[in-house]
Amino acid sequence: MSDTQEIIEIKFADHRGYVPIGSSVIREDALAKVTGQAEYSGDISRPGMLHGKVLMSPFPHALVKHIDTSKAARMQGVHAVLTAKDIPGENVFGIAIADQQVLADKKVRFVGEPVALVAAEDPFIAAEAVRSIKVEYEPLQGVFDPLAGIKEDAPRVQEQGNILLHTKVRKGDYLKGFADADVVVENVYRTHGQDHVPLEPEGGIAWIENDGVLTIYSSSQYVFRDRKQVARVLNLPVNRVRSVNTTVGGGFGRKDDVTVEILVSLLASATLKPVRLVYNRHESMMTQTHRHPTITRVRTGATKEGKLTSMEGVVYGDTGPYSSLGIFVIKKMALHLGGPYYFPNYKCDSISVYTNNPIAGAFRGFGIFQSAIVHEQQMDELAAKLGIDPLEFRLKNCLREGLSFSTGQVMNEACGIAATLERLKEYMAEHSLRFSRNMEVV
Amino acid sequence: MINNQKDVLMDLVINNKHISIRAGGGRCLLDFLREDLSLMGTKEGCGEGECGSCTVLLDGKAVLSCMTPMERAIGREVTTIEGVGRPGNLHPLQQAMMEEGGVQCGFCTPGMIMSGVELLNRKSNPNRDEIVEGISGNLCRCTGYRKIITAIERAAEKMS
Amino acid sequence: MKVRGIGIGSMVYGVGYGFSRPDFASAEVEIAPDGTVTIWSGASELGQGIRTVLSQIVAQEFGAAYEDIRVISADTDKTPDSGPVSASRSTYVQGNAVLAACKDLKQELISLASELMGVESNLVEIQNGQIAAKDKIGKIISFSKLASEMHVQGRRTHGFGWHNNRTLDVDKNTSQGDAYSSYAWASQLVEVEVDTQTGRVKILRLASATDVGKAINPQLIEGQIEGGAVQGLGFALMEEMQVEQGVFNNANLSTYLIPTAADVPPIDSLIVEVSDPSGPYGAKGMAEPATIPTTPAILNAIADAISKRVRYSLASPENVLKVLGKIDGSGKEGFLLLEDIPYPVA
Ligand code: FES
Ligand code: FES
């Protein structure tokens, strides 16, 4: 071997592990998960741990006149019973805007809203203590539909009014676009609410470390925001709170905002003991966020050659009584209501409305899920009216490099919608699939 | 310690080990496994018999431990995910779940594997319909099930 | 009678937060003397596989073995802030931050390698899992050897990376502007069979063409596609929150049904890769795009089969029978008229 070819070390023995990007390596957490070793929020415990439980509102909209916790507080094994007045800092949280109360203060705004908290030595006692809390409510008229919520005389869900955000998208001249259209399709669409059902319900455990740091282990999508939100409610410096993520049993947007983190922290700091709180399925479904139900009216115009000319739409999103991410979910809808197609003219309004329905927030799809239900049916109806194949109609109108989105943003070379449609076209050919065969089978 | 039910003597075999302890009765088998034996691999996804994440084997038969009174396990044999296979000594189904991508968040995984193991014990070569039937009581919100079904097929091949 | 139909659903999804909202991620990497690497990442692992993806990125960048990478995630005492796991941004933004952290250390690696091999540093490259001199065949050094040398010589072994996904805000009154830095694209095809007697809809097949930019781990991508499609299928056919006067009446899993293994059709994951220069290796966000097209594709396929549209988004047997005129249609899908919903003024 010549000097110039001196090999410092041959790598081949070590080489076993090299896998290029694009390889389907086994997940690094797979082993822990198939053997049952992975620790989820409910699997963590600490010596002397107490169990938390939440009293939830049975009313969608009511004034809280009086809360009597005396019986619960006297029960054997109960270490703390907390209501809004026991909160050391601000009784508020919220992922986008802080408009949600941690524990109901003067009024409740949805069924399932937390009103009081209990920490007890076992879950049975905690449940019994929660049942023994007496709350005097004065039911109020509620808002159960966003269209009713925007009326002048509607009951106010939030003091500042029921419209959370009105987003406007204006591109080109939509009226001229409709004048240029040979066909127009106009419809109303309603989409329903969906529960994320992460298989692991929300849960967490908190305790105070020896050095005084409040420590929270929870099933979360973002520990740094959890920590900030906890600090504000507990009136602690942010760097005195530690938030740690456990293995998470599915999130899908549900665990983006705080779930139980503030609640376990309040109980841990009141009792100076570790407190764990894991929602059961029913509690999780009642008190956590969901997919926004929406109502959309839309009209879409095209020329007889099959070119889209204009779209006008309005979306009403039912965000429940607090924003969570409803401010951005519904905003995003306004931009995406036209879908992956080029519209020279576009007018869309989306209005996120407070109601007394279950809270809506981030859920995989984030408004585009609802938008696509609208724009894709519009596209099919237009294609049918024009007598054009639905896939060809999409290809004819889809965004491409150089064309602009509803916001006027010009697409670059990464614009991939045509490639996905072409791929489906190939797929249809490979499998001899055709539209509108009206094929009957017995 | 839990509730006011009387203590019972829990004398049974768990994961091939005989145990005999006094424990507060009147709870479900799931709580007994998790709270008294710290066998945390068995999960609670609903507590109402709808999701299958609490599946364990009782005398070799898959049962929902959240719906099974703990007393029913006395004198019998319980197998949980901890008894199926450990790192270095995995059950073929655990190995196949890893390789085929049958695991995402993993919360359904222990229950899913227990149902799969029971099926593979019953039938050495289950067809797709039988596999679907075998895990139809186990909910998974992440994977869409297809890779789990493939994993069970692969495990069956390996085991035969 | 049973009739079949085909339907398509397409979508565009603006990845990340957009509108100039903070959309950053940071990460740290450390090389141990035996050539193992630790990543500190603030991103939560929800089951999507971000820890695996980040490990693959580091393995690729350093030429280290995938098994030798360990990830410590989401602990405010230990990891840097990586922003939330949402908006399909993890691979895109956090992946870029990990790339930046690797880059931060790569200069150290390369200068040391160039000294050890006696070649100019611009001739050193990390390729196919090994560190080699570009023009001199045979000059190769393993990452683990280099790692140990770094420690012997007291070089910097800890790298930090920060990635800011900068976007612009839009005009308040018109929403015109470059709101997002990256867009994701997907189209799905569904074939259904509708039983016109019972209203039951059966999905016979589903094909999902998802543009992921670059599939860093195809199996994880397929997992997202399959799981996402089944969530969309659940929404279209069976999942409905029944809310009356603010009360969620079916808030339990015995009455709120989600798909089981028996509900799942054959799914063909068609991975499309139109590279995005702003993503790691060209990758785009894809977890949400995997679920969005399914419901509209199903609704369109039903319309293709029965020539009538279920305007309410739930195609339950009851709602299908209503649009077929087989049962009274005065339910919630027989609903709002256009004039109930005026367009706001321009
Ligand atoms: S926890 Fe037992 S079936 Fe869900
Ligand atoms: S992997 Fe998450 S529920 Fe199955």
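Residues numbered from 1 in each chain as written. Chains lettered and ligands numbered in written order. Predicted model: local features only at pLDDT ≥ 70, side-chain atom pairs only at ≥ 80, totals over all residues. Heavy atoms only, no water.

Turning to the interface of chain C and chain A, a few remarks are in order. In this complex, chain C contributes 148 residues to the contact, which on the side of chain A involves 135 residues. For the pair chain C and chain A, the summed buried surface comes to about 11900 Å²; carbon and sulfur atoms form 59% of the total. Here chain C and chain A share 7 salt bridges between them. For Glu28(A), the salt bridge identified is with Arg51(C), shortest N-O distance 2.6 Å. At the boundary of chain C with chain A, the tally comes to 65 residue pairs in polar contact (both at pLDDT 80 or more). Ranked by the residues each element gives to the side of chain C that touches chain A, the list is headed by strand E1 (residues 2–14) of chain C, at 12 residues. When the residues that make up the side of chain C that touches chain A are grouped by side-chain class, the tally is 69 nonpolar, 50 polar and 29 charged. (Contact = heavy atoms within 4.5 Å. Buried area = accessible area lost by both parts, 1.4 Å probe. Salt bridge = Lys/Arg side-chain N within 4 Å of Asp/Glu carboxyl O. Polar contact = N/O pair within 3.5 Å; in protein donor to acceptor, adjacent residues only side chain to side chain. Helix = DSSP H or I, 4+ residues; strand = E, 2+ residues; numbered from the N terminus. Nonpolar A, V, L, I, M, F, W, Y, C, P; charged D, E, K, R; others polar.)

Residues and elements named next belong to chain A. Look at helix H6 (residues 223–234): 16 Å from first C-alpha to last across 12 residues, which is about the 16 Å you get at 1.5 Å a residue. Counting buried positions along H6 yields 10 of 12 residues, so the element is predominantly enclosed. The secondary structure elements touched by the buried residues of H6 are strand E10 (214–218), strand E11 (241–245) and helix H7 (261–271). (Expected span 1.5 Å × (residues − 1). Buried < 20%, exposed > 50% of the residue type's maximum accessible area, 1.4 Å probe, protein only.)

Here we come to the sheet that holds strand E4 (residues 107–108) of chain A. Residues and elements named next belong to chain A. Taken together, the 3 strands give an open sheet; going across it, the order is E4-E2-E6, and neighbouring strands pair in antiparallel fashion. For this open sheet the edge positions go to E4 and strand E6 (134–139), each flanked by a neighbour on one side alone. Sheet analysis places strand E2 (residues 62–68) next to E4, joined by 2 bridges and oriented antiparallel. Bridged to alanine 62 within E4 is valine 108. (Pairing = 2+ DSSP bridges.)

Attention now goes to the interface of chain A and chain B. At the junction of the two partners, chain A supplies 30 residues and chain B supplies 34 residues. In total, about 2500 Å² of surface goes out of reach between chain A and chain B, with carbon and sulfur atoms giving 63% of it. At the boundary of chain A and chain B, one finds 2 salt bridges. Salt-bridge contacts for Asp43(A) lead to Arg34(B); the nearest nitrogen and oxygen are separated by 2.7 Å. Secondary structure elements with two or more residues in the side of chain A that touches chain B: helix H1 (30–34) and helix H3 (123–131) of chain A. Examining the composition of the side of chain A that touches chain B, we find that 4 residues originate from one element, H1(A), more than from any other. Class assignment for the residues of the side of chain A that touches chain B results in 14 nonpolar, 9 polar and 7 charged.

The next thing to look at is the pattern of salt bridges. Applying the stated criterion to the full structure yields 52 salt bridges over all chains. Between Asp256(A) and Arg225(A) there is a salt bridge, with the nearest N and O atoms lying 2.7 Å from each other. Linking Asp256(A) in the loop between E11 and H7 with Arg225(A) in helix H6, this pair joins segments that are 31 residues apart in sequence. Of the two residues examined, Asp256(A) and Arg225(A), each falls in the buried class. The network of salt bridges with common partners includes Glu376(A), Asp380(A), Glu381(A), Arg394(A), Arg309(C) and Arg311(C).

To continue, consider the sheet that holds strand E8 (residues 183–191) of chain A. All names here are of chain A. Sheet architecture is open: 5 strands sit in the order E7-E15-E14-E13-E8, paired in mixed fashion. Single-partner strands in this sheet number two, and they are strand E7 (163–171) and E8. Strand-to-strand, the axes of this sheet are offset by a mean angle of 5°, without reference to chain direction. Pairing of strand E13 (residues 294–302) with strand E14 (residues 308–320), which is carried by 9 bridges, proceeds in the antiparallel orientation. Looking across to E14, one finds that glycine 301 is bridged to serine 310. (Axes fitted to C-alpha atoms, helices over the stretch in contact; angles between N-to-C directions.)

A word on the confidence of the model for chain A. For chain A, mean pLDDT is 94; residues scoring 70 or higher make up 95% of the total. Here residues 1–15 of chain A is modelled with pLDDT under 50, and outside its nearest four sequence neighbours on either side it reaches 29 contacts, counting other chains as well. (pLDDT = per-residue confidence, 0-100.)

Right, let's get into the environment of Ala38(A). Within the element layout of this structure, Ala38(A) appears in the loop between H1 and strand E1 (50–56). Linking Ala38(A) and Val92(A), residues 54 residues apart in sequence, is a C-alpha distance of 33 Å. Ala38(A) has contacts with Ala32(A), Lys33(A), Asp43(A), Thr247(A) and Lys43(B), leaving out every residue within four places of it along the chain.

Taken as a whole, helix H2 (residues 92–100) of chain B has its buried residues at Leu93(B), Gln94(B), Ala96(B), Met97(B) and Met98(B). Contact partners of the buried residues in H2(B): H1 of chain A, helix H3 (109–122) and helix H5 (146–159) of chain B together with helix H4 (218–237) of chain C. Among the residues trailing H2(B), Gly101(B) stands out with phi positive, at a value near 75°.

Residues and elements named next belong to chain B. Here strand E1 (residues 7–14) pairs with strand E2 (residues 17–24) via 8 bridges, running antiparallel. Directly across from methionine 10, in E2, lies its bridge partner isoleucine 21. Linkage of E1 to E2, two consecutive antiparallel strands, is achieved through a turn of 2 residues, within which asparagine 15 is found at a positive phi near 50°.

Residues and elements named next belong to chain C. Of note, the phi angle at alanine 87 is positive, near 55°, even though the residue is not glycine. Structurally, the position occupied by alanine 87 is in the loop between strand E4 (69–73) and helix H2 (90–117). A relative accessible area of 9% means that alanine 87 is categorised as buried. One non-glycine residue, glutamine 245, lies in positive phi territory at about 45°. The topology assignment puts glutamine 245 in the loop between strand E11 (243–244) and strand E12 (247–248). Residue glutamine 245 is classed as exposed on the basis of its relative accessible area of 55%.

Turning our attention to the side chain of Ser44(C). Here Ser44(C) lies in the loop between strand E3 (37–41) and helix H1 (50–62). Among the polar contacts made by the side chain of Ser44(C), one reaches the main-chain carbonyl oxygen of Ser220(A) at a distance of 3.0 Å. If we skip the residues at most four places from it in the chain, Ser44(C) touches Ser220(A), Gln221(A), Tyr222(A), Asn245(A), Ile50(C), Ala74(C) and Val85(C).

Here we come to the environment of Gln224(C). Looking at the secondary structure, you find Gln224(C) in helix H4. Taking C-alpha positions, Gln224(C) is 36 Å from Gln245(C), a pair spaced 21 residues apart along the chain. Once residues lying within four places of it in the same chain are set aside, the contact partners of Gln224(C) are Arg364(A), Gln104(B), Gln48(C), Met286(C), Ala287(C) and Ala290(C). Engagement of the side chain of Gln224(C) in a polar contact is seen with the side chain of Arg364(A), the distance being 3.0 Å.

This part takes up the packing of H1(C) against H2(C). All names here are of chain C. One way to put it is that H1 packs onto H2 with a least axis distance of 10 Å and a crossing angle of 30°. The orientation of H1 relative to H2 falls into the category roughly parallel. The hand of the H1/H2 crossing is right-handed. Residues Ile50, Val53, Leu54, Ile57, Val58, Glu61 and Phe62 of H1 form the contact with H2, whose participating residues are Ser90, Thr91, Gln94, Gly95, Val98, Leu99, Cys102, Leu105, Lys106 and Leu109. (Parallel < 35°, antiparallel > 145°, perpendicular 65-115°, else oblique. Left-handed = near helix turned anticlockwise from the far one by under 90°.)

What follows deals with the packing of H2(B) against H5(B). Two measures define how a pair of helices packs: the angle their axes make with one another and the distance between the axes. Residues and elements named next belong to chain B. Where H2 meets H5, the closest approach of the two axes is 8 Å, and the angle between their N-to-C directions is 135°. As summarised for this structure, H2 and H5 are arranged oblique, according to the angle between their axes. Note on packing geometry: the crossing formed by H2 with H5 is right-handed. Between H2, through Pro92, Leu93, Gln95, Ala96, Met97, Glu99 and Glu100, and H5, the contact on the second element is made entirely by Lys147, Ile148, Thr150, Ala151, Ile152, Arg154, Ala155, Lys158 and Met159. Among the residues making up the contact of H2 with H5, the classes are represented as 9 nonpolar, 2 polar and 5 charged.

On to the domain arrangement of chain B. All names here are of chain B. Its domain assignment divides chain B into domain 1 (7–83) and domain 2 (92–159). Both faces considered, domain 1 and domain 2 share a buried interface measuring about 1100 Å² in area, 65% of it formed by carbon and sulfur atoms. Among the residues of domain 1 in contact with domain 2, Thr55, Leu57 and Ile81 are the three that bury the most area, contributing 40% of the side total. Between the two partners, domain 1 and domain 2, sit 0 salt bridges. At the junction of domain 1 and domain 2, the tally comes to 4 residue pairs in polar contact (both at pLDDT 80 or more). For the side of domain 1 that touches domain 2, the elements supplying multiple residues, two or more each, are strand E3 (55–58) and strand E4 (61–64). Within the side of domain 1 that touches domain 2, the residues separate by chemical class into 5 nonpolar, 8 polar and 4 charged. (Domains from an automatic or database assignment.)

Turning our attention to the confidence of the model for chain B. Considering every residue of chain B, the mean pLDDT works out to 96; 98% of them sit at 70 or more. With pTM at 0.96, the complex prediction returns an ipTM value of 0.97.

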